Amino acid sequence: MPKFLFMNPLVLLAIHLGYAGIANGFNIRCKLIKKKYNEQTNIKIETFDSKKLAAQIYVPKQYCFPGLRPAIIFANSWTRPESQYEAQAKKFANKGYLVLGYATRGFGNSEGQASGAGPNDIKDVSTIIDWLEANTLVDPERVGMTGVSYGGGISLMALANDERIATATSLSSWTNLKKSFYENNTVRKVFLKILISTGEWTGSIDPELKEVYRRLKNHDRVEGALSWAEIRSPIEVIEKINQRNAPVLLANNYRDYLFPPEQNLDFFKGLTTPKRFIVSNGIHASAEFPGFYGFNIGVWQDIHRWYDHWFLDIENGITAEPPIALNTPDGLELYDTMPPAKANPGMFSLDPKNQVEAADEWSARSGVSIKSSYLSGATNGIPLLSSLLHSHTPIKIIAWLDALNRNHKAIYYTRELSEMVQIRGIPRLRIPIEPKNESMQIITYLYEVNRFGLGTLLTHGVATFRDLTPGKAFNYELKLAATANNIDKGNRVAVVIDTTDPLYGDTKVKDFAFKIIHDNEDNLEILIPEIP
């Protein structure tokens, strides 16, 4: 073609319109199609030690989303396969995200053994990022990681160990595995048994994990088991995350008694990065469950807002809002900090319903004596099932407190409330104790009690003590599980102190006794996080 034609303004205009027409054609085509990505399943990614991890990937179509793309890596929950997040992956891919979901070692179609988020699991994440950089148009500056439960813990550990991960969102997961397994010297018996048994049924787990469970259950060389848990705890590497100023989103559920929100609140407080903490109604992972089927409700809405802000530069307000989001009976409430637990003697003075006994042959102080027992009325109900129904249905965990055996538990009431009280956060109980034996356990329940004496369970806490000096009194402050409840005017708050609950391991001492001290020096005191 003669050179002068390229200099002809009419020719240049025609070329420009031609390119514009092609671009507009692609834009129109993109708007008309529902599936703006290509997907590939049955991918095998070879790890640093030659194991193969199963994965599937969703790649945005280049004519819809040209250039390098932000990526989200989804890590599976315990026992779940690489396809767990398929519905959410497709939603993100339709917005231009490159999404890879994979099964960690020992689960799905992946090789190896599940080691409880051990060092090999964290190295695997780096291998996956290497694979993305070698095989896709990933933007190395915009890589995020998300997981529920097991995958959430791995996401936080990977965020601390691989600087290519820009942000992580961790849902229904742990930040301190020592506390998750053995908080207040108490074994989370039911949950650990479920972890081990389901891991064996559905995959291949490291024998070391089973040994950790055995040690904790039998109180055998516990320190070694806790050291195993410590190196898998994001709280131990939080400074690496802070040094990078990497944004973090955490989410938990009030009745998650495996990875309770109060431990993640400690991690959240220690973060100096951009952060968000969401607490929803439910048990372990139940609030996230609808998202596995594509429903963008609750926490999944915030996950999308989080990535859209950090990776697509969409100003949706998520970082301008107060960072703590609590789902409450009054709807979603936002806070800069959690309401502090405070003593309010005018409203929450506790009156013991047990007889206050004087000093006797084994006790130098006056107080309420309790003998250990098996189940006697005040419990968390049927493990998992009762809490699930309590969280998501009108079926609540209820006890008739006046009918409980007071030889084996102590019952305390406040006066009738003169106004409705909104409890938000972590109640605490200050307990002056005089033990009769070297070992003992306390299970504390907090109830809302109506005028008929029926108590609806609000929250609870547990602590186990060993190597005590019989007859030597001590004060103990017990944190209860986080809660959000409204106590109706005219009702009372009750505290029940018991010695056993089916959720937890026992002290390995069948018979023990202790006294809750009531005298001029010490009394039981409750601290309630109420909002004005």
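Once a new chain begins, its residue numbering starts again from 1 and follows that chain's sequence as written. With pLDDT at 70 or above as the cut-off, local features in this predicted model cover only qualifying residues; side-chain atom pairs require 80 or more to be listed or tallied, and sums for whole chains, interfaces and linings still use all residues. Each side-chain value is worked out from all heavy atoms of the structure, with water and hydrogens disregarded.

Enquirer: Outline the overall build of the protein, listing residues and values.
Expert: Each helix is a run of DSSP H or I of at least 4 residues and each strand a run of E of at least 2, with the numbering of both proceeding from the N terminus. Tallying secondary structure elements over the protein gives 14 helices and 25 strands in all. Along the first, second and third principal axes, the C-alpha atoms of the protein reach 115 × 50 × 40 Å. Burial classes follow relative accessibility: with a 1.4 Å probe on protein chains only, a residue under 20% of its type's maximum area counts as buried, one over 50% as exposed, and anything between as partly exposed. With 532 residues in all, the protein has 55% of them scored as buried. If the 58 positive side-chain charges of the protein are averaged to one point and the 58 negative ones to another, these points end up 5 Å apart. Residues scored as positive are Lys and Arg, those scored as negative are Asp and Glu, and His as well as the terminal groups of each chain are ignored. The location of each charge is read from NZ of Lys, CZ of Arg, CG of Asp or CD of Glu.

Enquirer: Tell me what's going on with a positive patch on the surface, and back it up with residues and numbers.
Expert: Grouping into patches uses exposed residues only, defined as over 30% relative accessible area, and leaves out salt-bridged ones; the cut-off is 9 Å for like charges and 5 Å for nonpolar side chains (Val, Leu, Ile, Met, Phe, Trp, Tyr). Methods summary: accessible areas were calculated by the Shrake-Rupley approach with a probe of 1.4 Å, and residue burial reflects only the protein chains presented. Every case where a carboxyl oxygen of Asp or Glu lies within 4 Å of a side-chain nitrogen of Lys or Arg is listed as a salt bridge. Among the surface-exposed residues, Lys 189, Lys 193, Lys 217 and Lys 508 lie close enough to one another that they form a single positively charged patch. Topologically, Lys 189 is positioned in helix H7 (residues 189–202).

Enquirer: Give me the sheet that holds strand E2 (residues 52–60): which residues, what numbers.
Expert: The strand order across the open sheet built from 10 strands is E1-E2-E4-E3-E5-E6-E7-E8-E9-E10, with neighbouring strands paired in mixed fashion. Each edge of the sheet is formed by a strand with only one pairing partner; in this case those strands are strand E1 (37–46) and strand E10 (331–335). Within this sheet the neighbouring strands show an average axis-to-axis angle of 15°, counted without direction. The rule for pairing is simple: two strands pair if DSSP sees at least two bridges between them. Summarising the sheet, strand E3 (residues 69–75) and strand E4 (residues 98–102) pair through five bridges and their orientation is parallel. Opposite Ile 72, over in E4, you have Val 99 as the bridge partner. With axes taken as lines fitted to C-alpha atoms, and helix axes fitted only over the stretch in contact, angles between N-to-C directions fall between 0 and 180 degrees.

Enquirer: For the side chain of Thr 414, give the residues involved together with the corresponding values.
Expert: If you trace the backbone, Thr 414 turns up in the loop between strand E15 (410–413) and strand E16 (421–425). According to the relative accessible area criterion, Thr 414 is buried, its value standing at 5%. In contact with Thr 414, not counting residues within four places along its chain, are Met 347, Phe 348, Ser 349, Leu 350, Arg 492 and Val 493. Note on contacts: a residue pair qualifies if any of its non-hydrogen atoms lie within 4.5 Å across the two residues.

Enquirer: So what's going on with the environment of Ser 349? Which residues, and what values?
Expert: You can see Ser 349 is positioned in the loop between helix H13 (345–348) and strand E12 (351–352). By relative accessible area, which is 32% here, Ser 349 ends up partly exposed. It is 32 Å that separates the C-alpha atoms of Ser 349 and Asp 467, two residues lying 118 residues apart in sequence. If sequence neighbours within four positions are ignored, Ser 349 has contacts with Asn 344, Tyr 413, Thr 414 and Arg 415. Polar contacts, as used here, are pairs of N or O atoms within 3.5 Å; protein pairs need one atom able to donate a hydrogen and one able to accept it. Residues neighboring in sequence count only if both atoms are side-chain atoms. Within polar-contact distance, the side chain of Ser 349 engages the backbone oxygen of Pro 345 at 2.4 Å.

Enquirer: Help me get a handle on the nonpolar core, residues and values and all.
Expert: The criterion is simple. A nonpolar core is a set of buried Ala, Val, Leu, Ile, Met, Phe, Trp, Tyr and Cys residues joined through side-chain atoms within 4.5 Å. Counting 94 residues, the largest nonpolar core has Tyr 102, Leu 216 and Tyr 447 as its most contacted members. For this core, the element with the highest residue contribution is helix H5 (residues 150–161), accounting for seven residues. Among all residues touching Tyr 447, those that are not within four sequence positions of it are Ala 378, Thr 379, Ala 399, Leu 401, Gly 455, Thr 456, Leu 457, Leu 458, Arg 492, Val 493, Ala 494 and Val 496. Counting 33 residues, the second largest nonpolar core, distinct from the first, contains Phe 348, Ala 463, Leu 480 and Phe 514.

Enquirer: Let's hear about the packing of helix H3 (residues 86–93) against helix H12 (residues 299–312): which residues, and what values?
Expert: Look at H3 against H12: their axes get within 12 Å of each other, and the N-to-C directions meet at 35°. In terms of crossing hand, the pair formed by H3 and H12 is right-handed. Along the contact surface, H3 presents Gln 88, Lys 91 and Phe 92, while H12 presents Trp 300, Ile 303, His 304 and Tyr 307. The classification used treats Ala, Val, Leu, Ile, Met, Phe, Trp, Tyr, Cys and Pro as nonpolar, Asp, Glu, Lys and Arg as charged, and all other residues, Gly among them, as polar. Looking at the contact of H3 with H12 residue by residue, the class counts come to four nonpolar, two polar and one charged. Should the near helix be turned anticlockwise from the far one by less than a right angle, the crossing is left-handed, and should it be turned clockwise, the crossing is right-handed.

Enquirer: Any details on the confidence of the model for the protein? Residues and values, ideally.
Expert: Looking at the protein, pLDDT values average 91 and 94% of them are 70 or higher. Think of pLDDT as the predictor's per-residue confidence, scored from 0 to 100. Note that residues 11–23 has pLDDT below 50 and, in this model, two contacts with residues that lie over four places away or in other chains.

Enquirer: Can you explain the packing of aromatic side chains? Please cite residues and give values.
Expert: Stacked, tilted and edge-to-face pairs are distinguished by plane angle, under 30 degrees for stacked and over 60 for edge-to-face with tilted covering the rest, among Phe, Tyr and Trp rings (Trp via its six-membered ring) whose centres lie within 6.5 Å. Counted by the stated rule, this structure contains 23 aromatic pairs. Ring centres of Tyr 445 and Tyr 447 lie 6.3 Å apart, and the angle between their planes is 45°; on these two criteria the pair is classed as tilted. Relative accessible area serves as the criterion here: at 1%, Tyr 447 is assigned to the buried category. Here the aromatic cluster, defined as three or more aromatic residues joined through ring pairs, consists of Phe 74, Tyr 85, Phe 92, Tyr 97, Phe 289, Phe 292, Tyr 293, Trp 300, Tyr 307 and Phe 311. Think of it as a cone above the ring: NZ of Lys or CZ of Arg counts as a charge over the ring if it is within 6 Å of the ring centre and within 35 degrees of the ring normal. The ring of Phe 268 has Lys 275 sitting right over it, with the charged end atom 4.4 Å from the ring centre. For Arg 492, the ring lying beneath its charged end belongs to Tyr 413, and the centroid distance is 4.2 Å.

Enquirer: How would you sum up the environment of Thr 464? Please name residues and give values.
Expert: Relative to the helices and strands, Thr 464 resides in strand E19 (residues 454–465). By relative accessible area, which is 1% here, Thr 464 ends up buried. Distance from Thr 464 to Pro 261, taken between C-alpha atoms, is 20 Å for residues 203 residues apart in sequence.

Enquirer: So what's going on with helix H14 (residues 385–392)? Which residues, and what values?
Expert: For H14, every residue scored as buried is listed here: Ser 386, Ser 387, His 390 and Ser 391. Buried positions in H14, seen along its axis, are confined to an arc of 130° and lie on one side of it. In this structure, the buried residues of H14 make contact with E19. Our arc is simply the arc of the directions from the helix axis toward the C-beta atoms.

Enquirer: With reference to specific residues and values, describe the sheet that holds E16.
Expert: Read across the open sheet, the three strands follow the order E21-E16-E25; overall the sheet is antiparallel. At either end of the open sheet lies a strand with only one pairing partner, and these are strand E21 (483–487) and strand E25 (530–531). Two strands pair when backbone bridges link them, and E16 and E25 are joined in this way by two bridges, in the antiparallel orientation. Looking at E25, one finds that Gln 422 is bridged to Ile 531.

Enquirer: Give a description of the packing of helix H4 (residues 119–135) against H5 that names residues and reports values.
Expert: Viewed as axis vectors pointing N to C, H4 and H5 meet at an angle of 70°, and their least axial separation amounts to 9 Å. Viewed along their axes, H4 and H5 adopt a mutual orientation that is roughly perpendicular. Note on packing geometry: the crossing formed by H4 with H5 is right-handed. On H5, the residues touching Asp 121, Ile 122 and Val 125 of H4 are Tyr 150, Ile 154, Met 157, Ala 158 and Asn 161. Residues of the contact of H4 with H5, tallied by class, amount to six nonpolar, one polar and one charged. Here the word oblique covers every angle except those under 35 degrees (roughly parallel), over 145 (roughly antiparallel) and from 65 to 115 (roughly perpendicular).

Enquirer: Tell me about the pairing of E10, residues and numbers included.
Expert: In this structure, strand E9 (residues 324–328) lies alongside E10, joined through five bridges in antiparallel fashion. Note on E10: the bridge partner recorded for Ala 325 is Leu 334. A loop of two residues connects E9 with E10, the two strands running antiparallel in sequence.

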